[in-house]
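# Coordinates in review
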Amino acid sequence: KQKFVPTLGSDATMIVLEMRSPHDDGGLDLKSYDVMRAHTDSSGHRSGDWVRMKHGIEVLSDEKTPGGLVCLAVHDLLPGASYKFKVAARNDLGQSGWSASSSVATTHFSTQVHK
């Protein structure tokens, strides 16, 4: 299982995940990444079901080599909420297995005042 660090950056509704792409891509280029998220409680234990994100995933960088560095921005999260994540890679052969779950990452509380 892959390990990744979900704490490179965050704001009120986004967290950046950093990970390594699979070492075996089956000889075909990786096309995209799938992300699952789960809310966590204050002690870091998962408090909800894993939910596959259908949108809100942005590839910030991808070295395009097996085992290369990948940075994903996960958008559309709740302000001040804690999450764990799992990631899978996808190419023309299908989807890889899911990574191990990340450590807990928390979005910031929004301090912006809307008029």
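The text that follows walks through the structure, step by step, so that each part is easy to find. (Residues numbered from 1 in each chain as written. Predicted model: local features only at pLDDT ≥ 70, side-chain atom pairs only at ≥ 80, totals over all residues. Heavy atoms only, no water.)

### Let's talk about the overall build of the protein chain
Of regular secondary structure, the protein chain possesses zero helices and nine strands. Shown N-terminal to C-terminal, the secondary structure of the protein chain runs as helices and strands in the order β-β-β-β-β-β-β-β-β. In the protein chain, which comprises 115 residues, the share counted as buried stands at 39%. The long-range fraction of contacts in the protein chain, counting pairs at least 24 apart against all pairs at least 6 apart in sequence, stands at 62%. Just so you have it, the protein chain exposes about 6800 Å², and 50% of that area is on carbon and sulfur atoms. (Helix = DSSP H or I, 4+ residues; strand = E, 2+ residues; numbered from the N terminus. Buried < 20%, exposed > 50% of the residue type's maximum accessible area, 1.4 Å probe, protein only. Contact = heavy atoms within 4.5 Å. Areas by Shrake-Rupley, 256 points an atom, 1.4 Å probe, with all protein chains shown as cover.)

### Details of the pattern of salt bridges
Under the defined criterion, the tally for this structure stands at four salt bridges. Residues Arg20 and Glu63 are paired through a salt bridge, measuring 4.0 Å at the closest nitrogen-oxygen approach. Residue Arg20 is found in strand 2 (residues 15–20), and its partner Glu63 is found in the loop between strand 5 (57–62) and strand 6 (69–74); the two are separated by 43 residues along the sequence. Between Arg90 and Asp34 there is a salt bridge, with its nearest N and O atoms 2.9 Å apart. (Salt bridge = Lys/Arg side-chain N within 4 Å of Asp/Glu carboxyl O.)

### Re unusual backbone geometry
Even without glycine at this site, Asp76 takes up a positive phi of about 65°. Within the element layout of this structure, Asp76 appears in the loop between strand 6 and strand 7 (82–91).

### Overview of the pairing of strand 6
Taking burial as the measure, the six residues of strand 6 include five buried ones, the bulk of the element. Summarising the sheet, strand 2 and strand 6 pair through six bridges and their orientation is antiparallel. Bridge pairing in strand 6 links Glu18 to Cys71. With five bridges joining them, strand 5 and strand 6 adopt antiparallel strand pairing. Counterpart to Asp62 in the pairing with strand 6 is Val70. If you look at the hairpin formed by strand 5 and strand 6, you'll find six residues sitting between the two strands, and Lys64 has a positive phi there, around 60°. (Pairing = 2+ DSSP bridges.)

### Notes on the environment of Asp76
The spacing of Asp76 and Ile57 is 19 residues in sequence and 8.9 Å in space, taken between C-alpha atoms. Setting aside its immediate chain neighbours within four residues, Asp76 contacts Thr13, His55 and Gly56. In this structure the side chain of Asp76 is engaged in a polar contact, spanning 3.1 Å, whose partner is the side chain of His55. (Polar contact = N/O pair within 3.5 Å; in protein donor to acceptor, adjacent residues only side chain to side chain.)

Such coordinate-based values are descriptive only and should not be taken to indicate function.
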